[in-house]
Amino acid sequence: MTAVRTPTLAAAKLVFQRDMTLAWRRWDEVAQPLIFYVVVTTMFPLATTPDLSALREIGGGVVWVAALLASLLALEALFRADVEDGTTEQWVLSGQPLGYLLLAKVAAHWVLTGLPLVIMSPIVGTGLGLPTSAWGVLMASLLLGTGTLSILGGIGAALTVGVRRGSVLLSLLVLPLAMPLLIFGSRAVSMQMDGDSPAGPLQLLAAIFFMALSLGPIAMSAAIRISVEN
Amino acid sequence: MSWTWFHKLASPPHAYRILGSLAPWFGWASLALILLATWWGLVKAPADYQQGDGFRILYVHAPSAWMSMFTYVVMAVAAGVGLVWRIKLAHAAAAACAPIGASFTFLALATGSIWGKPMWGTWWVWDARLTSELLLLFLYLGYMALRASFDDPQRADRASAVLALVGVINVPIIHYSVNWWSTLHQPASVTKFDKPSIDLAMLIPLFLMIIGFQLYFGWAVSRRLRGEILRRERNANWLKEAA
């Protein structure tokens, strides 16, 4: 007897849609990282100087740091509920390539947390004195950067899913790995503002993104198997 | 040719015995080499024409920086072997490497900072090599924190192995990104450390010191791995017979 298996793409789509529906019903949780993002960027003018021309110097970096922290905040609960209620176990047993299902879940997570950060960034950037000419590069760099960060964070969340006090540990694991993103992302923004071409750092960000996209699911599925099997 | 001797290496009782007999060789050889290199480096080698005697901290700084990266690679390879072939001893070896690597990294950072004070006039410079070394320390600390947060040793082994492998892919990216960032951020004059040709009289003690550090690593890993085996096999029969 041959069992009929759902095509992988359809299964991944189901996972994606399920997460979107769940998020839609608890939209206040989705909004929290976004509020955090705005609050953190508000702190910098208060702590340093309200002078916009001085803030402009560090504006790109501040937006990037805030986006990094905000997307970390939302990552902790990424796999927890599914591992606790046995959903992930069913995925492992389903015969589907686990990496694709997890990638679909991470993609839903990115649409819910990464994308709003990207869309919000020009507004936040304006508050820090970033000129309109830098908006495009800021959004492009964050688009690539938050995508990579969601995958890296997915690996971290999969590793720490069964751990006490996982959120602090997750930040400790993911932040050092995310440093290159921070460097390239904020460099791209400041190069654009200095009148240089930001193509170099943006291409490097894209390269890192595609590497994370190809290798990330392997690491994520290995980590989830470890968390589920015992 | 029979490979049984090789397969035996993965069995805890054999490894425990072999490591026990290897450790003193590593230990004494490293002590002798480090003492020789210390004397050579501090007394015999000439002072630097630019930095005077201050450069002599190089003999601790460079070997520990080298060892900090070497240890990470050894740890990741051991973790990968443990993950693929499910060899418990390889996981134990990775666990034994981490604190040693973190100590080497800390030593490299501390000596670099002490060196920086007279040379650059400040304890800390956001220099590329210093920064990537600092990030390496964070990677070690994250690895150790993840390992410590599991109650079940087998899960701790495998989870931290995945992290070590992700980390080892990232180390070159971090290194080059930091290099690039630093060259854009500060003028090259600050890090004027171009030694086009380091004098042979200075180089020989450096090589001796690096070999000495490597042997020290062998000694420390042997000792730690024996401890790790004892902890993991504390209920095993062979230990009761041996004791």
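Being a predicted model, the structure only gives us computed values, none of them experimental.

*Asks:* Even after reading the chapter, I still don't get the overall build of chain B, so can you show me in this structure?
*Replies:* Tallying secondary structure elements over chain B gives 8 helices and 0 strands in all. Across chain B, helices and strands are ordered from the amino to the carboxyl terminus as α-α-α-α-α-α-α-α. Burial analysis of chain B (243 residues in total) assigns 46% to the buried set. Contacts in chain B between residues at least 24 apart in sequence constitute 79% of all its contacts with a sequence separation of at least 6. Surface exposure of chain B reaches about 12,900 Å², of which carbon and sulfur atoms provide 69%. Looking at chain B, you have 20 positive and 12 negative side-chain charges, and the mean spots of the two groups are 7 Å apart.

*Asks:* Help me out: how do you make sense of the side chain of Thr146(A) in this one?
*Replies:* Residues and elements named next belong to chain A. Checked against the element boundaries, Thr 146 lands in helix H7 (residues 135-159). Take Thr 146: its relative accessible area is 4%, and that puts it in the buried class. There is a polar contact of 3.5 Å between the side chain of Thr 146 and the backbone oxygen of Leu 143. If we skip the residues at most four places from it in the chain, Thr 146 touches Trp 110, Gly 114 and Val 118.

*Asks:* I tried to follow the packing of helix H3 (residues 58-85) of chain B against helix H4 (residues 88-120) of chain B on my own but got confused; where do I start?
*Replies:* Relative orientation and spacing of two packed helices are given, respectively, by the angle between their axes and the distance between those axes. Residue and element names in this part refer to chain B. Between H3 and H4, whose axes approach to 7 Å, the crossing angle comes to 160 degrees. Our classification of the angle between H3 and H4 gives roughly antiparallel. Once H3 is placed against H4, the crossing between them reads as left-handed. Grouping the amino acids of the contact of H3 with H4 by side-chain chemistry returns 19 nonpolar, 10 polar and no charged.

*Asks:* Would you mind going over the nonpolar core with me for this structure?
*Replies:* As a rule of thumb, soluble globular proteins bury nonpolar side chains together. Membership of the largest hydrophobic core comes to 126 residues, with the highest contact counts inside it found for Tyr37(A), Phe79(A) and Met75(B). Excluding residues that lie within four positions of it along the chain, Tyr37(A) makes contacts with Val63(A), Ala66(A), Ala67(A), Ala70(A), Leu117(A), Met120(A), Ser121(A), Val124(A) and Leu142(A).

*Asks:* Would you mind going over the interface of chain B and chain A with me for this structure?
*Replies:* Size of an interface: often given as the accessible area lost when the parts come together. Listed by partner, the interface residues are 28 residues for chain B and 28 residues for chain A. Both faces combined, the contact of chain B with chain A buries some 2,600 Å², and carbon together with sulfur accounts for 76% of it. There are 0 salt bridges connecting chain B and chain A. Mapped by element, the contributors of at least two residues to the side of chain B that touches chain A are helix H5 (128-148) and helix H6 (153-185) of chain B. Considering each element in turn, the side of chain B that touches chain A owes the most residues, 17 residues, to H6(B).

*Asks:* Hey, could you run me through the environment of Leu206(B) in this one?
*Replies:* All names here are of chain B. Note that Leu 206 resides in helix H7 (residues 200-232). Exposure remark for Leu 206: the relative accessible area of 11% places this residue in the buried category. The spacing of Leu 206 and Ile 34 is 172 residues in sequence and 10.0 Å in space, taken between C-alpha atoms. Excluding its chain neighbours within four sequence positions, the residues that come into contact with Leu 206 are Leu 58, Tyr 59, Ala 62 and Pro 63.

*Asks:* Would you mind going over unusual backbone geometry with me for this structure?
*Replies:* Residues and elements named next belong to chain B. Non-glycine residue Arg 86 carries a positive phi angle of around 55 degrees. If you trace the backbone, Arg 86 turns up in the loop between H3 and H4. By relative accessible area, Arg 86 is classed as exposed at 59%.

Parameters at a glance
Residues numbered from 1 in each chain as written. Chains lettered and ligands numbered in written order. Predicted model: local features only at pLDDT ≥ 70, side-chain atom pairs only at ≥ 80, totals over all residues. Heavy atoms only, no water. Helix = DSSP H or I, 4+ residues; strand = E, 2+ residues; numbered from the N terminus. Buried < 20%, exposed > 50% of the residue type's maximum accessible area, 1.4 Å probe, protein only. Contact = heavy atoms within 4.5 Å. Areas by Shrake-Rupley, 256 points an atom, 1.4 Å probe, with all protein chains shown as cover. Lys, Arg positive; Asp, Glu negative; His and termini not counted. Charge placed at Lys NZ, Arg CZ, Asp CG, Glu CD. Polar contact = N/O pair within 3.5 Å; in protein donor to acceptor, adjacent residues only side chain to side chain. Axes fitted to C-alpha atoms, helices over the stretch in contact; angles between N-to-C directions. Parallel < 35°, antiparallel > 145°, perpendicular 65-115°, else oblique. Left-handed = near helix turned anticlockwise from the far one by under 90°. Nonpolar A, V, L, I, M, F, W, Y, C, P; charged D, E, K, R; others polar. Core = buried A, V, L, I, M, F, W, Y, C linked by side-chain atoms within 4.5 Å. Buried area = accessible area lost by both parts, 1.4 Å probe. Salt bridge = Lys/Arg side-chain N within 4 Å of Asp/Glu carboxyl O.

By themselves these figures say nothing about function.
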